[in-house]
Structure formats: structure tokens, C-alpha cells
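Letter by letter, the chains look like this.
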Amino acid sequence: MSAAPASRPAWLGRTGLASALLLCHVLMSLAARPKGPGHTHLNSIRIDGDISLGGLFPVHARGHDGKACGELKKEKGIHRLEAMLFALDRINNDHSLLPNITLGARILDTCSRDTHALEQSLTFVQALIEKDGSDVKCLGGGAPIIAKPERVVGVIGASASSVSIMVANILRLFKIPQVSYASTAPELSDNTRYDFFSRVVPPDTYQAQAMVDIVKAMNWNYVATVASEGSYGESGVDAFIQKSREDGSVCISQSVKIQREPRPGEFVKIIQRLSDNPNARVVIIFANEDDIRRLLQAAERENKIGHFLWVGSDSWGSKISPVEQQERVAEGAITILPKRQSIRGFDRYFISRTLENNRRNIWFAEFWENNFNCKLSRHPLKKGSGIKKCTNEERIGKDSLYEQEGKVQFVIDAVYAMAHALHNMHQDLCPGRVGLCSRMDPINGTLLLKYIRNINITGIAGNPVLFNENGDAPGRYEIYQYQRRNGSSEYKKIGHWTDHLHLNIQSMQWPGGVQQVPTSICSQPCKPGERKKVVKGMPCCWHCELCDGYQYQHDLTTCKMCRFDLRPNANHTGCQPIPIVKLEWSSPWAVIPVLLAIAGIMATMFVVVTFIRYNDTPIVKASGRELSYVLLTGIFLCYATTFLMISAPDAGICALRRIFLGLGMSISYAAMLTKTNRIYRIFEQGKVSVSAPRFISPASQLVITFSLISVQLLGVCIWFSMDPSEALIDYEDQRTVNPQLARGVLKCDISDLSLILLLGYSMLLMVTCTVYAIKTRGVPETFNEAKPIGFTMYTTCIIWLAFIPIFFGTSQSAEKMYIQTTTLTISVSLSASVSLGLLYMPKVYVVLFHPEQNVPKRTRSLKAVVTAATMSNKFNPKASLRPNGEARTELCHNLETQAFGSKQTYISYSNHAL
């Protein structure tokens, strides 16, 4: 190849001096040894042909204690190697594919180690490296004859991604295409670095997505990962982590890496580390076969059988060797494998292999001893070893277990992909020629790669074999579960993945024969009415916080306040209307005020009827009939207010409350204030003059009274004009800490301040009346009820002084509506009862039971009355303190009942006139 000389310095520049020295050492050793058809070379198999393909297989495991290779791999090594030999035989016997062209092979053992594979794979490029023999002289003085090794045009392999990466870096320098049957690391999809690499298996990005979908389908969200050191393990776990982060529903508790050369006890430490987080039971494994087996062994030693739920990548697949003698700890493991089919032709081929007919496989004798647990005659037997001698009569599948390894199909597809690319290339470059033509000698690797990437054939299992622009195959996987039934174990197919997961969960079985899917979650689901408080950086881990108070669960992570007229339901998952309450007639808080009001109204009506019946008697006249009826009207309205306060609020009731709540008391206290003011003015006037004060006639008294009442009505009218009355629902009045006890109160729009202003004028009249009552306390008690009015006002003040702390002191109580309404109505009714009892009941008693006292008395002039009262106060100051001063009593009983004229010198007064 013309490009070979130019390739040498480039390669040396990339790999460095160590690789160059290693290459020279290998080439010198190769040149020193003869070779021929069927001979082994550097632990390799050589099969002669017109075109040679390279093959890389992990025939042996990684060695320990300084050894390059370890024990034989029966499935992953021998099965796959034989699959390539089987494919070569089929192709060479197929006259329609590469007719008259024989494919040969150079098959090497990678020993599951990338550095060893690199050393072995230099065999593939030695034919492309120009050898300098100028310093080599023969004994006869002639030039040496250096045998030219066979030219490898393409390589099948490798298995492990780390090996494929290492080898791909060498092969691309010499433009040798490579088709892998098992390497799935996402890194190999980088067409700028691994442009000559292709694979018939999908990359781990698809596999990682499939594994994420499996985890989600099982409702797992908290997993650990274990990776073997190297490109396959680390890239696979990185792809899984990336996909899980993109999805957002799977979290990684921890990621553990198995060292390339594990120290003693390392796997036990890994199991202990995984056990530190018992919630993360699922373990995602991207590890090689040896590491998987040793990890399961450590789990069994640590008595973790049934605890971990393994999810293995295609490196586990459906292999027997990782779970052999570890069936209990591996039970329930879910594994993934590129979609494949058992090749029956290969089964017939493989079970027919014997030591006699398979001499081309230099490792087959070792496989024979390992598979049948015997020793060939070439090895002396030790006494007592218990190992029998091989008879060569043993048969695969009859005297030993046999199950086709999962990647056999892909090895065959890889060989066929290379063969079809060569066939298409031959048809284009050598049309009509039998055998190779000059245009294919040597074969251009870059052109061959183009043909490889363009193939689209049907594989041996019926699946399409094709590559995308990066050399990757489409993602098609089968999902397996390792199950144990009746003492036997098997990999059972439970689903498949082709862009989307299809999983038969009902067919799955878990450790201990349990059908229910085990859990592997960071945090238990929150209860209804609780929100998730996500742990920072771990979206699958959270703390549950109760949506308390008036909050409800809006979504999984948010609590929101219910609207002002709503409260949360019992489990705080939504809001419901707050119940509306009002003071019911049947409530004990209403019964007592109503009974008191009814009794008061009946008593008031009784007094009114009595007064009307005895309207012209002296007692009634002396009480001041006009103001008495006004006062009794106010008392009646005070009692009637109770019914307005207890009635269900609406616009009309609320308007009547505004009007009559203060009106009844205003009427009562306005009438009493007019009376006490009249008495006070008469006696004050009498001290300085015998002339009568102004505005003391009944008509004047009514005008004064109604003037005082009109102030109350005017204030209410102004209130109506500024703020029309309405009923409303107060949701703050009984908004308790416990939302289940919250109530909306149907009430009128009268605030506490409005109530104070409404009753304030009545209170002002009451206080003013009390002041006049105190000033007229010295007037004889029969003078127009001065002392009964005084006692009434004193008692009324006490009632309202008691009302204020009770009413405002319960403003924060849950029973505020009931207490305040009852307190207000009872206080108003008591005030009316005091007025009714002290002012009118004695008169009714006299009228009804002592009619002999209800007779006219003699009259005296104003001068005589006032002079007698004044002189009595001068000569006997303490006489006014007696309840019935003799002088005043005498004068009072001798007064006549008639009105005075403004032009009379001496005016006669009766109790009515005063």
C-alpha cells in the first residue's frame, strides 16, 4: 500500500516511544519465527485465504499476579471465536458471496485486557510496516529473505469497549476498518476519533435509555451504579446517569467503580458501601463478566441475598458464567441484551466439534478439559486429584451443559457485513473478473469502510444489519430476568425495547418467589395533603411537609392558601365552602333574650293599657301623660329591638337595626332628660324668682323630646346616605386556628365602631339625664318622679358599664357573635325593664290596688311651694337627705292639678304641672 510508509511517522507521533519500541520488539520476534498454513503464532489462529480478516476475542480472562491471561472463558471466548469460524465456513462455501475468493483469518486472544490486546493487534499492521533489513547479513553474505506476513484488510472485534478503543486508535492510522460484535461504549460513536470503527450492536446510549425505562416501569427512582474501570463500564454508567438526569425521575445514590486490578477484599467493600444506603436496592451494573461474578460472590458472603436488585447491561446479558454457583444472590436480576436469536445452525456446528475435527482452534483442547472437567493425556494426573482422564468420547450438549452465548449472532453478522462489503467492492472494482483483480491488490481501507457503512443486509437471524453515519447499529434489545423455579434457574425473556419499552411485568418473579415488585425509592410518597420538599440536588429525595392551617395541596410540591370564603377539606387536598352560621331562634343564646323581650313587651302593654284605662286619674295625670306615652314607646322599641337583632340578617333587617337599635333608647332617655331638666329648671328658677321658667308646658316638653330624638334620626339618615345597609358574611369573625371549626358569620355591616357611634348618642342622653338626676336629688320624691328617674339612671349606668367589658372583651372569642348579640339585647332589655319597673310599676300598683290614694290633692301657689322648699333647705340642710322630708311631702300632697297662665301672679302647681 502506498500510504504505508507515510503512516509510520504519524503513528509514531501518536503513540509515543513506548509503543514504537513495543512494535519493533514484536515485529522482530515475528520475523524470527517461521509460519505456514494452520500454524499458531503469538497465541493466534491463522487460516489461509485470498483475503484475511482479523479477529479479536476474549478467549481468556484477565490474568493476575503478573500473568497476562487467566482462566478460559467458555462462552464469551470460545463460543464467539467458533462463531467467526462458522461464519467463514459458510461464506467460503457460498458460491454467490465472494465467488472464487476465499476468506482467511488471523484470530487473536485479547485476554480481556486492553494493553495485551494492543500488543497482539500489532500483528494486523506488520504487513503495512516497511522492514529495514540492511543491517541483517546472511552467513553466505547474501541479502536476507524476510517473509512478508499476510495482509489483514479488516478486523472483527473486539469484545470489550476498552479493548476496541485501544485497538481502534492503531487500526485507524493504517486505515484498517473494524467491525465490533459487542463493544457498546458511547465514546466509540465519535466519528472524528474512531472513523474506521463500526459495530453491529447498538451503543450504550440506547442501552442506557432502555435501562432508565426499565427502572421507571418498575417505579424505582433511587439506584446505585457499579462500573468496571475502562471505557465500557465508565461510559455506560455516564450514559445512564445522563439519561436519568434528562428524564428527571431517577436519582443516583452513589456510583462505584471497580478498579482494573482489584485488590483483595475490594468487592466486599463495594457491597458494604452499597449497603450503606438501604433504600437504594437497585444496582445498575456496567461491568465485565469477571467483575460481575466476583461482585455476586461478595454479596453472598455479606449475606445480602435477596436485598439487591441487579440490573445488568449486555455484558451480563444471558450468560451462565457470571451466575454460576451464585443463583440465589442473582435471582430476580434484570439483564439487557441486544435483540438476538439463537442460531440453530451454529448449535449443530458447535455440538459436533471434537478434538479431532477442530484442530484449527488452538484453545479447543483447553476448552475440552474445562467443559468436561477432565484432563488430556498430555497432562500427567495427580493421584487423589479427583479429575478423570479425557476419553475423547465426550460430546458437547450430551455430557455437558450447552447454551448458545448471546453475542454469537452478532459475531456472525459482523463477519457477513465485512464479507458483503468486500463482495460489493469486488463487483464495482473487478466487474466480471474471477478472483481478485489488481484494483483490489492491495485493498484500499478507506474505500472498504465506505462499502461497509453502505450495506443493508438481512442478518443470519432475520434482523436487518446496517450502520448509521457514525457506524452504529440501530437500538434493539431484549429484556431478560434471571428466575429460579423448582430448583432450576433460567433467563426468562420478559420484554423488549425498540425506541420504546415493552415489558411484561406479570411474568416477572422476585427473590423468594414474590410476585409484587420490590421498592427502591429514596423517599416514601407523601400522604394526601402533604407537599414534597425536595432535597437539593436529589429530585427523587424529599421530605413531606403537611399543608397545615388553611392551606391545601395545590400540586406535589406546593401548598396554597384557600380562598377567604373556603377552608381545606379533611385531608387538605382541596378547598370547600366555609359553613355559614347565624343566630338561630332555637339557640340558648337567643331564647333568654327573646323570653325577656316578650315579658317586657307584655309588661309594657299592660302599663300602656292601664294608663289608657285610667288616663284621667290624678296619678296618671301627675306622671305627665304625654311624655309617659313617649317614654313607654321607647321602652317598647327597646324590647322589640331584640327580635330585630336575632332575625336572619338581610338588607331590610339591617336597615331596621340601624334605625331602631338606638332609637328606642334615644326616645326613652330623651323623655327622661326632658323631665329631669324641667324639674331642675323649675326649682332653680324658684330660688331667684317667682316667675315660671320657659318651655315647661306639655307641648313644649314634647317639642324638646322630639327635637332630641330627631338628632338620632338625622345621624341614621346621614349614615344611610354614606353607607347603605346590607347583610354580609364575615369570614374573619370565626376564622379559628383549626379550619374545621371555621364559620362564616351572616351579619349586618355594623362594625363595633359603628355600634358605638350608633349607641353613643343614647349614652350621651343617658349620662346627661344622670347628671340632672343627681342635681335634682334634693327635690321631694313626689315631684315628677325625680328620685325614681335618678335610681333608674344609676341602675342603667351600672348595666351599661357592665356591658362594655363583656361586649368588647369577647371580640376575639369564637362565640363572639352569640355573646355580643345576647349581651347587647339583654342590656337594652334590662335598661328598658329598669325604666319600666322603677317609673311605672309603682304607679300601676297604686292605680290598681290602692285607688284610695289616686285622688286629687289641694293646691298651693308656686310661691308657697318654692318658699317652703327653700326655707326647709336653709334651716335643715340634712332634711333633703331624708327619703320623705316632712315639709316637702306636705307641700307635694297639697298641690293642685292645673296648668298655670303666664299673666298670673300666683300660680298653682300640681304634680302634673311640674
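The rules behind these values
Residues numbered from 1 in each chain as written. Predicted model: local features only at pLDDT ≥ 70, side-chain atom pairs only at ≥ 80, totals over all residues. Heavy atoms only, no water. Core = buried A, V, L, I, M, F, W, Y, C linked by side-chain atoms within 4.5 Å. Buried < 20%, exposed > 50% of the residue type's maximum accessible area, 1.4 Å probe, protein only. Helix = DSSP H or I, 4+ residues; strand = E, 2+ residues; numbered from the N terminus. Salt bridge = Lys/Arg side-chain N within 4 Å of Asp/Glu carboxyl O. 1 Å grid on protein atoms, 1.4 Å probe; cavity = no way out; pocket = protein on both sides within 12 Å on 5 of 7 lines; lining within 4 Å. Points joined across faces, edges and corners; volume = space filled by probe spheres on them. Pairing = 2+ DSSP bridges. Axes fitted to C-alpha atoms, helices over the stretch in contact; angles between N-to-C directions. Contact = heavy atoms within 4.5 Å. Parallel < 35°, antiparallel > 145°, perpendicular 65-115°, else oblique. Left-handed = near helix turned anticlockwise from the far one by under 90°. Nonpolar A, V, L, I, M, F, W, Y, C, P; charged D, E, K, R; others polar. Expected span 1.5 Å × (residues − 1). Bend = angle between axes of the 7 residues up to and from the residue. Phe/Tyr/Trp six-rings, centres within 6.5 Å; stacked < 30°, edge-to-face > 60°. Right-handed = clockwise from strand over helix to strand, strands pointing away.

**Some thoughts on the nonpolar core**
Reasoning step 1: Residues Met-84, Leu-103, Tyr-181 and Leu-422 are the most contacted members of the largest nonpolar core, which totals 70 residues.
Reasoning step 2: By residue number, the principal contributor to this core is helix α12 (residues 408-429), which donates 14 residues.
Reasoning step 3: Within the second largest apolar cluster, 48 residues are counted, among which are Leu-631, Tyr-669, Trp-719 and Ala-832.

**Notes on the pattern of salt bridges**
Reasoning step 1: In the structure shown here, the tally under the stated rule is 26 salt bridges.
Reasoning step 2: Between Glu-261 and Arg-113 there is a salt bridge, with the nearest N and O atoms lying 2.6 Å from each other. With Glu-261 in the loop between β10 (251-258) and α7 (266-275) and Arg-113 in the loop between β5 (103-109) and α3 (114-125), this residue pair connects regions lying 148 residues apart in the sequence.
Reasoning step 3: Given a relative accessible area of 42%, Glu-261 falls into the partly exposed group.
Reasoning step 4: Between Asp-565 and Arg-563 there is a salt bridge, with its nearest N and O atoms 2.7 Å apart.

**Thoughts on the layout of surface pockets**
Reasoning step 1: Estimated volume of the largest pocket: approximately 950 Å³.
Reasoning step 2: Lining the largest pocket are 39 residues, and of these Lys-74, Glu-75, Ile-320, Ser-321 and Glu-324 sit closest to its centre.
Reasoning step 3: Contributing elements (two or more residues each) for the lining of the largest pocket: β4 (69-72), α2 (74-92), α8 (289-301), α11 (364-372), β18 (477-485) and β19 (488-498).

**What to know about the sheet that holds strand β8 (residues 197-199)**
Reasoning step 1: Within the open sheet, the 6 strands sit side by side as β1-β5-β2-β6-β7-β8. Their pairing is mixed. Of all strands in the sheet, those bounded by a partner on one side alone are β1 (44-47) and β8. Strand-to-strand twist in this sheet, taken as the mean axis angle between neighbours without regard to direction, amounts to 20°.
Reasoning step 2: Where strand β2 (residues 51-57) and β5 come together, 7 bridges link them in parallel fashion. The residue of β5 that forms the bridge with Ile-51 is Leu-103.
Reasoning step 3: Where helix α4 (residues 161-171) meets the sheet, its contacts fall on β2, β6 (152-156), β7 (178-180) and β8, and the angle it forms with β7 comes to roughly 165°.
Reasoning step 4: Running over the sheet, α12 touches β2, β5, β6 and β7 and is turned about 155° from β6.

**As for the pairing of strand β24 (residues 558-561)**
Reasoning step 1: Where strand β23 (residues 551-555) meets β24, 4 bridges bridge the pair, whose relative direction is antiparallel. Among the inter-strand pairings, Gln-553 is bridged to a residue of β24, identified as Cys-559.
Reasoning step 2: In this antiparallel pair of consecutive strands, β23 and β24, the connection spans 2 residues.

**Focus on the environment of Asp-413**
Reasoning step 1: By the element assignment, Asp-413 lies in helix α12.
Reasoning step 2: The class of Asp-413 is buried, set by a relative accessible area of 4%.
Reasoning step 3: A sequence separation of 329 residues divides Asp-413 from Met-84, and the C-alpha atoms of the two residues are 9.3 Å apart.
Reasoning step 4: Beyond its immediate stretch of four places on either side in the chain, Asp-413 contacts Val-200, Gly-459, Ile-460 and Val-465.

**A closer look at the packing of helix α14 (residues 588-613) against helix α16 (residues 625-646)**
Reasoning step 1: Packing of α14 against α16 leaves a shortest axis separation of 9 Å and a crossing angle of 160°. Considering the angle they form, α14 stands roughly antiparallel to α16. Seen from above, α14 lies across α16 with left-handed handedness.
Reasoning step 2: Looking at the contact of α14 with α16, its residues break down into 20 nonpolar, 4 polar and no charged.

**Re helix α19 (residues 752-775)**
Reasoning step 1: When the terminal C-alpha atoms of α19 are compared, their 33 Å separation across 24 residues agrees well with the 34 Å that a helix rising 1.5 Å per residue should span.
Reasoning step 2: Within α19, the axis deviates most sharply at Gly-760, by approximately 40°.
Reasoning step 3: The complete set of buried residues in α19 reads Ser-754, Leu-755, Leu-758, Leu-759, Tyr-761, Ser-762, Leu-765, Met-766, Cys-769, Thr-770 and Ala-773.

**Structural notes on the packing of aromatic side chains**
Reasoning step 1: Following the criterion strictly, the structure yields 22 aromatic pairs and no others.
Reasoning step 2: Ring geometry for Phe-346 versus Tyr-349: centroids 6.0 Å apart, planes at 40°, classification tilted. Highlighted residues: Phe-346 and Tyr-349, both in helix α10 (residues 344-351), separated by 3 residues, approximately one helical turn.
Reasoning step 3: Overall, the relative accessible area of 0% leaves Phe-346 in the buried class.

**What about the pairing of strand β11 (residues 282-286)?**
Reasoning step 1: Burial within β11 is extensive, with 5 of its 5 residues counted as buried.
Reasoning step 2: Neither face of β11 is left uncovered, since the one carrying Val-282, Ile-284 and Phe-286 and the one carrying Val-283 and Ile-285 both have all their residues buried.
Reasoning step 3: Sheet topology note: the strand β9 (residues 222-228)/β11 ladder contains 5 bridges and is parallel. Residue pairing for β11: Val-223 is matched across the bridge by Val-282.
Reasoning step 4: Inspection of the sheet shows β11 paired to strand β12 (residues 309-312) by 4 bridges, in the parallel sense. Considered in β12, the bridge of Val-283 is made with Trp-310.
Reasoning step 5: Handedness of the crossover joining β11 and β12 through α8: right-handed.

**Brief notes about the environment of Cys-797**
Reasoning step 1: Tracing the backbone through its elements, the reader meets Cys-797 in helix α20 (residues 786-809).
Reasoning step 2: Taking the C-alpha atoms as reference points, Cys-797 and Thr-770, 27 residues apart in sequence, are found 8.3 Å from one another.
Reasoning step 3: Residues contacting Cys-797, with those up to four places away along its chain left out, are Met-766 and Thr-770.

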